[in-house]
Amino acid sequence: MSVSTAALDPSVCAPLPVLGQDVTVPLVTGGEVTYAALDYAASAPALQRVWDDVAAYAPYYGSVHRGAGYLSQLSTDLFENSRRTVAEFLGCRPEDQVVFTRSTTDSLNLLAAAIPANCQVFVYETEHHASLLPWRNAQVTYLNAPRTPAQAVETLERALADRDPYGPALVCVTGASNVTGELWPVKELAAAAHAHGARIVLDAAQLAPHHPVDIAELDVDWVAFSGHKLYAPFGSGVLAGRADWLQAADPYLAGGGASRKVARRADGGVDVDWHTTAARHEAGSPNVIGVYSIASACKALTEAGFDNLVAREQELVSRVREGLAEVPEVQVLSLFGDDAPRVGVISFVLRGWNSSHFAAALSAEYGIGVRDGLFCAHPLVRTLLGSDPQDPGECGAPEAEPGERSLNAIRVSFGAGTPDEHIDRFLRAVTELVREGAQWKYRTEDGRCVPDRGEAPQV
């Protein structure tokens, strides 16, 4: 998977308007500053276009699929048209299904509930917990972290060659790491999986917001992603791909909408005829606004020109990496090396700093929001930091005091809505904090590093 670096037309490569771009936040040192949202990998800000579309629809909101009223029919059309929009955005094949869920985590748990009995699952230790943990009822083989894209393919091929050749198998792989931002060789991994009779699901949570995803071109069997990372709020996600395993499985949730016909039997029991369409796994009243927001985001990214968005983001990636390289204390985390293509997700540690302390100082003294911790990818971060699995440290709750070494890292992430000024401020803040130290004293409170409001600034 390559990243475009074509020449940019400045007139079409400005940041996309997002909510919150004018929000100011207080600084512990006094005054206010416009908030620099650099935590896109956790949740990207909503596109203004998405918010405007949702606001225009909101007065017409109605229950979908089973209502005779005008608003219900309008909402049903909007819901199903959103399904078609997402299918087009993902390059779905004619026979593929698009199932709406709550998130990537929900999508992969849905698929985990639908895999055939005795299915063997192959997953790299480098995965986000959303794709590492759902396979509890399967025979799981965890693959060691590869150090090159070629090694990733070789590792998978060896593992698949040793499997039971007669049973079903599934490979789960990320498209872009939520820790390093590095792109994985998805098309090559799909080819290896299919050559050995296995299927493959792509966790595109970090890929879809930053790079076009085409199911047919990549030749993957399923794609999962979250709306809240694709500039769409309201807690919706997508599982798109092959229909056969989904149609053969029991409904993910049993209830209205998933059932086509329910009848009492003479013996007092109940017979149920379940839908074979995507509705089979969409029981209950769906999140219509969330689904519509995903479709709106898909349209907005497509109309903005994804190639231009990718190229601009690559300029930001280069600027961040070059800026961090000028600070000797910074160690950028990477599996595949400096030349690996990547999206706007970069994690690093700083010699002499507790990562939580540094992230807290970025927020309190510069108005910059980043993420620190193990990023719900504990095995990967531990591998990158060379730590023992028993070393203390957990996601979002570092135990070290400010100034002490901590088993966690700092992640800066950005995307289509990131202004140049946010990147410039971040790089300036890193340099100043490393050279001059924090201006305020900090303490640990409820597992988080926070400014000590009872202490005077450091001199």
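Notes on the structure in this doc start here. Values in this document were obtained by computation on a predicted structure and should not be read as measured data.

Criteria and thresholds
Residues numbered from 1 in each chain as written. Predicted model: local features only at pLDDT ≥ 70, side-chain atom pairs only at ≥ 80, totals over all residues. Heavy atoms only, no water. Pairing = 2+ DSSP bridges. Helix = DSSP H or I, 4+ residues; strand = E, 2+ residues; numbered from the N terminus. Axes fitted to C-alpha atoms, helices over the stretch in contact; angles between N-to-C directions. Contact = heavy atoms within 4.5 Å. Buried < 20%, exposed > 50% of the residue type's maximum accessible area, 1.4 Å probe, protein only. Polar contact = N/O pair within 3.5 Å; in protein donor to acceptor, adjacent residues only side chain to side chain. Expected span 1.5 Å × (residues − 1). Salt bridge = Lys/Arg side-chain N within 4 Å of Asp/Glu carboxyl O. Core = buried A, V, L, I, M, F, W, Y, C linked by side-chain atoms within 4.5 Å. Phe/Tyr/Trp six-rings, centres within 6.5 Å; stacked < 30°, edge-to-face > 60°. 1 Å grid on protein atoms, 1.4 Å probe; cavity = no way out; pocket = protein on both sides within 12 Å on 5 of 7 lines; lining within 4 Å. Points joined across faces, edges and corners; volume = space filled by probe spheres on them. Nonpolar A, V, L, I, M, F, W, Y, C, P; charged D, E, K, R; others polar. Parallel < 35°, antiparallel > 145°, perpendicular 65-115°, else oblique.

## As for the sheet that holds strand 8 (residues 199–203)
And step 1. The seven strands lie next to each other as 4-10-9-8-7-5-6, forming an open sheet whose pairing is mixed. Of all strands in the sheet, those with a lone pairing partner are strand 4 (97–101) and strand 6 (139–143), marking the two edges. In this sheet, neighbouring strand axes are inclined to one another by 20 degrees on average, regardless of whether the strands run parallel or antiparallel.

## What to know about the environment of Val86
And step 1. Considering the arrangement of structural elements, one finds Val86 in helix 2 (residues 70–89).
And step 2. Sequence-wise, Val86 and Ile294 are 208 residues apart; in three dimensions their C-alpha atoms are separated by 7.6 Å.
And step 3. Ignoring sequence-local partners within four residues, the contact set of Val86 consists of Val98, Phe100, Phe225, Val238, Ile294 and Cys298.

## Observations regarding the environment of Val123
And step 1. The residue Val123 is located in strand 5 (residues 120–124) in this model.
And step 2. Residue classification places Val123 among the buried residues on the basis of a relative accessible area of 0%.
And step 3. Sequence separation between Val123 and Cys172 is 49 residues; the distance between their C-alpha atoms is 5.2 Å.
And step 4. Those residues within four positions of Val123 in sequence are excluded, and the remaining contacts are Ser131, Leu132, Val140, Thr141, Tyr142, Leu143 and Cys172.

## With respect to the side chain of Asn408
And step 1. In this structure, Asn408 sits in the loop between helix 12 (378–385) and strand 17 (409–413).
And step 2. Within the structure, the side chain of Asn408 is placed 3.3 Å from the side chain of Asp372, a separation counted as a polar contact.

## Focus: helix 11 (residues 355–366)
And step 1. Look at helix 11: 16 Å from first C-alpha to last across 12 residues, which is about the 16 Å you get at 1.5 Å a residue.
And step 2. With 11 of 12 residues buried, helix 11 lies mostly within the body of the structure.
And step 3. Buried within helix 11 we find Ser355, Ser356, His357, Phe358, Ala359, Ala360, Ala361, Leu362, Ala364, Glu365 and Tyr366.
And step 4. With a side-chain oxygen positioned 2.7 Å from the backbone nitrogen of Ser356, the residue opening helix 11 is Asn354.
And step 5. Backbone geometry just after helix 11 places Gly367 at a positive phi near 70 degrees.

## Comments concerning the pattern of salt bridges
And step 1. Evaluation of the coordinates by the stated rule reveals 25 salt bridges.
And step 2. Arg312 is the salt-bridge partner of Asp420, the closest N and O atoms lying 2.9 Å from each other. With Asp420 in helix 13 (residues 420–436) and Arg312 in helix 10 (residues 306–325), the pair connects residues that are 108 residues apart, well separated along the chain.
And step 3. Taking relative accessible area as the criterion, Asp420 reaches 37% and is therefore assigned partly exposed.
And step 4. With a relative accessible area of 9%, Arg312 lands in the buried category.

## Some remarks on the nonpolar core
And step 1. Among the nonpolar cores identified, the biggest contains 84 residues, and Leu90 and Phe225 are the most heavily contacted of them.
And step 2. Here this core gets eight residues from one element, more than from any other, and that element is helix 9 (residues 288–304).
And step 3. When neighbours within four sequence positions are excluded, Phe225 is seen to be in contact with Val86, Leu90, Ser103, Thr104, Ser107, Ala204, Ala205, Ala208, Leu230, Gly237, Val238 and Ile294.
And step 4. Membership of the second largest hydrophobic core comes to 36 residues, among which are Leu316, Tyr366, Leu427 and Val434.

## Some details on the packing of aromatic side chains
And step 1. Enumeration over the complete set of coordinates arrives at 10 aromatic pairs.
And step 2. Ring plane angle 65 degrees and centroid distance 6.2 Å describe the contact between Phe348 and Phe426, whose orientation is recorded as edge-to-face. In this pair, Phe348 sits in strand 14 (residues 345–350) while Phe426 sits in helix 13, placing the two residues 78 residues apart along the sequence.
And step 3. The class for Phe348 is buried, based on a relative accessible area of 0%.
And step 4. For Phe426, a relative accessible area of 0% gives the class buried.

## Let's talk about the sheet that holds strand 13 (residues 330–332)
And step 1. If you walk across this open sheet you meet the four strands as 13-14-17-16, and the pairing is antiparallel. Only two strands of the sheet have a single neighbouring strand rather than two, namely strand 13 and strand 16 (371–373). For this sheet the average axis-to-axis angle between neighbouring strands, irrespective of direction, equals 30 degrees.

## Regarding empty space enclosed by the protein
With a probe scaled to a water molecule rolled over the atoms, the places where space remains empty come into view.
And step 1. As enumerated under the stated definition, the model contains one cavity of 30 Å³ or more in all.
And step 2. Of the residues that constitute the lining of the largest cavity, the class distribution is six nonpolar, two polar and two charged.

## Looking at the packing of helix 9 against helix 10
And step 1. Orientation of helix 9 relative to helix 10, taken along the N-to-C sense of each, is 80 degrees, at an axis distance of 5 Å. It follows that helix 9 is roughly perpendicular to helix 10 by the angle criterion. For the pair helix 9 and helix 10, contact is made by Leu301, Thr302 and Ala304 and by Phe306, Asn308 and Leu309, respectively.
And step 2. Split into classes, the residues belonging to the contact of helix 9 with helix 10 amount to four nonpolar, two polar and no charged.

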